[in-house]
Amino acid sequence: KAVVSTQSGHYGREPKVLSLNIELELKAERDNAECRIDNVEEYQRIVDAEWNILYAKLDLMAASGAKIILSKLPIGDVATQYFADRDIFCAGRVTQEDLNRTVKACGGTILTTVNDIRDQDMGLCQLFEEVQIGNERYNLFTGCPKAKTCTLILRGGAEQFIDETERSLHDAIMIVRRALKNDSIVAGGGAIEMELSKELRNYAKTIHGKEQLLITAYAKALEIIPRQLCDNAGFDAITILNKLRQKHAQGGKWMGVDITSEDIADNFEACVWEPSIVKINALTAACEACCTILSIDETVKNPNSNYKAPNALPGNQF
């Protein structure tokens, strides 16, 4: 949306990136501005001075060797044509967030003046290209020396698919982030839930009384995770769960649902991991929610809320 030049997109290898916070267009004077002249030559000198100021800025930017010029403020038609004739890409009205990300990835600084532009003030990337993806045009900076992030472009047939893909991608990234911060991991795909369910069932057999029923119900509830994974993938949940119970009873504690082969597999060997802190937090939150619901022993109702006034009939007095 901020692109104002329409060049072919060939800017050479390792182009220099110049980030600015200045306006490059001829502006109309304010309504209350006043300039008194008494002949045409003075008016022409005023017009020429305005153009000379603009061209002086453009000449300094072109002399700096920059091939990519980004500005937070607008870039006018005169400057756009000037850069297009010299095979320089320019973009105006770039948002502050995009400009900051570009500076962090490519290097350099955001300048408020074009006087004394140094090489350390400009960024650098290995390749810059304009790409048409669908109905949108994107400016891709590739091989940025200081970049520690990347940009993902999600496309789909409907907005609901894009939103669901974004949520799934966000969850996956957060899981990786948790795994980097917490070095303790467990196998995913329902493996840890099935192992906990097995241990709880065995422990429940050693307890007499009503507590045995509570622990058994908790163990049964843990099997909902692998069952839901099977349902989401279109598998036969009963068959998969029976296989998982058998393998976990035989000591295969990392056996979980394998989505790719519609079977079970050792998810720890398959690198299907989840941070232990995520599972601990999930179980803790579930237990607290369950305890909150069980602590509510009675619901208070307003008896007057269901009261209906009798219909007024002719001759009745109230």
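Residues numbered from 1 in each chain as written. Predicted model: local features only at pLDDT ≥ 70, side-chain atom pairs only at ≥ 80, totals over all residues. Heavy atoms only, no water.

**Observations regarding the overall build of the protein**
For clarity, the threshold we go by: Helix and strand assignments come from DSSP, with helices taken as H or I runs of at least 4 residues and strands as E runs of at least 2, each series counted from the N terminus. For every residue, the accessible area (1.4 Å probe, protein chains only) is compared with the maximum for its type, and the residue is labelled buried under 20%, exposed over 50%, or partly exposed between those bounds. Contact criterion: two residues are considered in contact whenever any of their non-hydrogen atoms come within 4.5 Å of each other. Using the Shrake-Rupley algorithm and a 1.4 Å probe, accessible areas are obtained, with residue cover drawn only from the displayed protein chains.
Looking only at helices and strands, the protein features nine helices and eleven strands. A buried classification covers 27% of the 318 residues belonging to the protein. Considering only contacts in the protein between residues 6 or more positions apart, those separated by 24 or more positions represent 61%. Entry remark: accessible area of the protein is about 22100 Å², with carbon and sulfur atoms responsible for 53%.

**Some words on the pairing of strand β6 (residues 127-133)**
Which entries qualify depends on this criterion: Strand pairing is assigned whenever DSSP identifies at least 2 bridges connecting the two strands.
Pairing analysis gives seven bridges linking β6 to strand β7 (residues 136-142), with the strands arranged antiparallel. The residue of β7 that forms the bridge with Phe128 is Phe141.

**Some details on the packing of helix α1 (residues 40-63) against helix α2 (residues 77-85)**
As a reminder of what qualifies: The angle between two axes is taken between their N-to-C directions and runs from 0 to 180 degrees, where each axis is a line fitted to C-alpha atoms and a helix contributes only its stretch in contact. Crossing handedness: left-handed means the near helix sits turned counterclockwise from the far one by under a right angle, and right-handed means the same turn made clockwise. Gly is put with the polar residues, along with every residue not named as nonpolar or charged; the nonpolar set is Ala, Val, Leu, Ile, Met, Phe, Trp, Tyr, Cys and Pro, and the charged set is Asp, Glu, Lys and Arg.
The N-to-C vectors of α1 and α2 enclose an angle of 35 degrees; their axes lie 11 Å apart at closest approach. Here the hand of the crossing between α1 and α2 comes out right-handed. Residues Trp51, Leu54, Tyr55, Leu58, Asp59, Met61 and Ala62 of α1 touch α2, and the partners they reach there are Val78, Ala79, Tyr82 and Phe83. In terms of residue class, the contact of α1 with α2 is built from ten nonpolar, no polar and one charged.

**What about the pattern of salt bridges?**
To keep things clear, this is the line we draw: Just to be clear on terms, a salt bridge is a Lys or Arg side-chain nitrogen sitting within 4 Å of an Asp or Glu carboxyl oxygen.
As enumerated under the stated definition, the model contains eleven salt bridges in all. A salt bridge links Lys16 to Asp119, with the shortest nitrogen-to-oxygen separation between them at 3.4 Å. With Lys16 in strand β1 (residues 16-20) and Asp119 in the loop between β4 (110-111) and β5 (123-124), the pair connects residues that are 103 residues apart, well separated along the chain. Classification of Lys16 as partly exposed rests on a relative accessible area of 29%. The exposure class of Asp119 is exposed, given its relative accessible area of 53%. Salt-bridge contacts for Lys279 lead to Glu274; the nearest nitrogen and oxygen are separated by 3.5 Å. One exposure class covers both Lys279 and Glu274, and it is buried. Sharing partners across several salt bridges, the network here consists of Glu193, Glu274 and Lys279.

**Focus: unusual backbone geometry**
Even without being a glycine, Glu262 presents a positive backbone phi close to 55 degrees. The residue Glu262 is located in the loop between β9 (255-258) and β10 (263-266) in this model.

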